[in-house]
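# Summary of structural features
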Amino acid sequence: MVNFVTAKALFVTFLWARACESLTLEEFKGLLFTEVHDEVDAVLSSRQNRRRNENTNTAKDLIQDAPDDFHYLWNHVIDHGWSTIESQALKSNDVRDRRRSLRGSSTTTDTVSLHPLLICNKSLQHKSGIQRKRMIEADFGDILHSDKIVVYNDNEKTCFHVSAIAMEATKLRNITSASFQSDYDIVPMTDIMKITVNTFAEISHDTWSFSTSDLDRNKEGQWERMIRVAFTVGNHQALTDSEVMSLARDIVSSAQSLGRVGAEHRRLVSDSKSDGTHRPLSTQKSLIESFSLTSSTIQLSRDDNTRRLLDVLTRGRAERFIMTAQNGLEADHGCQSMFDRMEIRSHDDKKGFDIVLNPTFGQNSMHNDSAYDDEASDNSSASNLDCIVSFVMALSTHSSVLNVEVDSAPTFDDYDAKWITQSKQQGQTPLSDAGLTGRGQIVSVIDSGVQPDHRFFGPTSATTIDNWDMEQRKIVSYYTYYGDDQDAKNGHGTAVAGILVGKAMSGNTDANGIAEDAKLHVVDVSNGGLGIYVPGSPSRLFAAMYNGGNGAKIANGSFSTMYSVYRTSCRMYDNDLFGNYQEIVYVASAGNEGSDGNVSKMNTIGNPAACKNTIAVGASQSSESKVSNGDMGMNYLAMFSSRGPTADDRMKPDIVAPGYTLETARAQPDNEQDTYSVMGTSFAAPVVAGNAALVRQYFEEGWFPCGSPGCGAPIRPSGSLVKAVLMNGGQNLERVQHVLASRPEDKVIGEDLRPYDNSQGMGLLNLASTLPMNDGTNFHGLVQNNQEIRDGEKHTFLVRAKIARNKCSSPELSVTLAWYDQGAANGCTKCLLNDLDVTVQKRTWSGTLTGPVFRSNNKIDGDDRNNVERVRIYMGKNKRYLITVKATNLSLDTIRYSMISTGCFKVLQVNA
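Read on for a plain summary of the structure.

Rules behind the numbers
- Residues numbered from 1 in each chain as written.
- Predicted model: local features only at pLDDT ≥ 70, side-chain atom pairs only at ≥ 80, totals over all residues.
- Heavy atoms only, no water.
- Pairing = 2+ DSSP bridges.
- Helix = DSSP H or I, 4+ residues; strand = E, 2+ residues; numbered from the N terminus.
- Axes fitted to C-alpha atoms, helices over the stretch in contact; angles between N-to-C directions.
- Contact = heavy atoms within 4.5 Å.
- Disulfide = S-S within 2.5 Å.
- Buried < 20%, exposed > 50% of the residue type's maximum accessible area, 1.4 Å probe, protein only.

Turning next to the sheet that holds strand β31 (residues 894-903). An order of β24-β31-β26-β29 is seen for the four strands of this open sheet, with the pairing classed as antiparallel. At either end of the open sheet lies a strand with only one pairing partner, and these are β24 (780-790) and β29 (868-874). Pairs of neighbouring strands in the sheet enclose a mean axial angle of 15°, with direction left out of account. When β24 meets β31, the two strands line up antiparallel, connected through nine bridges. Opposite E788, over in β31, you have R896 as the bridge partner. Relative to the sheet, helix α24 (residues 719-728) contacts β24, β26 (812-818), β29 and β31, its axis offset from that of β31 by approximately 35°.

This part takes up the environment of I883. Considering the arrangement of structural elements, one finds I883 in strand β30 (residues 880-889). With 85 residues separating them in the primary sequence, I883 and L798 have C-alpha atoms 6.3 Å apart. I883 has contacts with H795, T796, F797, V799, V815, V838, T839, V840, M899 and S901, leaving out every residue within four places of it along the chain.

Here we come to the state of the cysteines. This structure, assessed with the given rule, holds six disulfides. A sulfur-sulfur distance of 2.1 Å marks the disulfide that ties C570 to C611. What sets the handedness of the C570 and C611 disulfide is the S-S torsion sign, and at about -90° it is left-handed. Residue C570 is located in helix α22 (residues 568-578), and its partner C611 is located in the loop between β17 (599-600) and β18 (615-621); the two are separated by 41 residues in the primary sequence. Exposure remark for C570: the relative accessible area of 1% places this residue in the buried category. The exposure class of C611 is buried, given its relative accessible area of 0%. Across the disulfide, C808 is cross-linked to C904 (sulfur-sulfur distance 1.8 Å). Taking the sign of the torsion about the S-S bond as the criterion, the disulfide between C808 and C904, at about -85°, is left-handed. With a gap of 96 residues between them, C808 in the loop between β25 (794-801) and β26 and C904 in the loop between β31 and β32 (905-911) connect regions that are remote in the sequence. For C808, a relative accessible area of 4% puts it in the buried group. Among the cysteines of the protein that take part in disulfides, numbered as they appear in the sequence, the pairing is 1-2, 3-4, 5-6, 7-8, 9-12, 10-11.

In the segment running from K652 into P653, the intervening peptide bond is cis, with an omega of -5°. Inspection of the secondary structure assignment puts P653 in the loop between β19 (636-638) and β20 (655-665). Put simply, F704 and P705 share a cis peptide bond, and its omega is 10°. Within the secondary structure, P705 is located in the loop between α23 (681-700) and α24. Its identity is not glycine, yet N547 carries a phi of approximately 55°, on the positive side. Relative to the helices and strands, N547 is located in the loop between α21 (539-546) and β13 (554-557). For N547, a relative accessible area of 26% translates into the label partly exposed. A positive phi angle, close to 55°, is found at N603, a residue other than glycine. Looking at the element boundaries, N603 is found in the loop between β17 and β18.

Written as structure tokens, this is what we have:
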């Protein structure tokens, strides 16, 4: 153990050198998507602009000097972080010494702030995340807080968000500087490293601002945007709701105080200049002095390194941030209206809080190139974007804050499916014909509401409002916590619910839903059809629908936000599904941003579809009367369907279903027809959710493995098993087609599609190829439901092909593995924290493995990004095959997985 005096000396010795030797800029950028990326881009963009204006030689020098610029920038950010921690350490030590001298005691302890750190273990001796975590605990357990968040986990390194009080952090920094601790890199999480990438750009985006035209349609206060704050690791352990709110208010108050200090400093400087009298400034730091990219200590120094750094920062965004602070929190108005009108909401998991902004509206657009009409708008409110940006800057400087981001507004994804998803054979619905209609299932729709007296859902008693009444024909509970108890004319929710579970009491039944005998739980997230409110924390939503295990196990959310990196919302969805709600399947629409004219747009899937444990659904075309002249039909992807991959390179969408076009219920039709045609991934998602209800019915009523009710033992399927089944049957689409052109000759045929690509994922949903039925198809199934596996452990399953012409004739073996992964760090670049792998290999009668190893998702070296994996091969007659599930690299001791294997085979051995 290094004592504090030694640590302090080492700290001074290594103050600049260690910053150079620690985690590099490129290494950090490979771990987290933060505003560091945007700052580097800003410096590079400035450099490129200078190159255009300089002669050739100078331009060449600019290019060669770029790495040095970034080196200076990165070292400054890290040095600023360590300096802040050192100052706190010295301050804490002085306070403790004074208290000891006054009290004559050496046992006094102080409650001091935890500082966020990032530590990476690169040990090659320990290969998995959980092993490296134990190594950190063994080496630094007496220094670090016990709580940790996994940031990155692969074969080469595992990185964690950790925390320590200031004095202990300085010790840790210098211990890891020693050569015998070369397995570790550690850096402080300095302000700009805490802010999610594109945050400042998103605040300036049209989707964030409130346009003038919107003022005519909305009442003041309806607009709201959210800043989301995550606590430093360790600051949220065992907190009560009131303690969370107290800490949140302290953080907000501290941010406001930075602004007041800055405003006071400017007034004193101005007064000194006007009358020539020197007025000493407060020893407290302002926002500009506290934020790394604007710190005044840089501007006061005159050494060569600092002058170079100042030049780099000037070419970045430093001057813009200074102006933003001066026009925002450090202005005389102090953004007071923004603080007066904001609302603070605790996260359900007590790991952070949301700040909901409600600006004061004037006659101008909220965002108009920073130009505001003083008479018409309130510069001290959230209408002033400088207030918001400077507030985010201030929040990021607080030691109790680990991450700051903003959340964009969600939008609905609106732009015969039954037989397409059951068989792909015209008019054939083998599952429905056999009795799989959703009977005994409850599905939750999170949407604009449902018209409760519509002939596809009514009659509905008032007893269902915020209550459960299982005797109702269709709607058994209507949850109004986030909205009202109705749907607007042509409402989105009624259309979605109709595709999912609608069943006409009378009249034409062509628009009956996929799971027409399932019942419905409604989560209304809209008031009067004006906009959509999606809860920041989904835990309350899941608790409402789950009803202690007696409610809905399938949720459909046909809305999404704009494309982004992994965010707080995904962390919460993933943690809830991984933790308390492992039975739930959450189906999300992928979005309708997949094309720009006739060109496909990748990287367009928003949240929650982009989360790890949700099912993201893209849209394919329909068939027969549901396609227009010139459309190619069900084997083609609708070009509007949003595409992957996610920012951390996971495959999305997961699967596709018909979304152009479908017939469904129309809300409040008046004198119009009460059904109509719709299109969009909003309506492909309930097709998948409806089929998920059929899968749950199949297992709960004991249809597995023989294909008729009661022929097998009932299984209570986990969400991961239902997900695996849906993915297992996916069929490859052929190509993309632009479907919105008015003339057949303009309906452009796009690119070819491949299995596991980021346009179709696992392909078009097809339950007939994944659920064994007693209908003459005669293929077999092997299932593992939420099976526990330990780090490094292997589970094996031996099967023998039984292919016969008149019995089971298909040689295809399909194996799909799915598991719910824990929530990842905000902005993660590799969000999968627990890596499982499934492989298939031929095995001889004597037990020798032979031939190639078939790995998942068509990846030669296996898949270490996705938590759904599929292997498909063609079996040889009477050959044996070994299916292996391995826990390759876990960040936990154990994890649970589900698996389904289908084909013409006999199960010989199971070791699991």
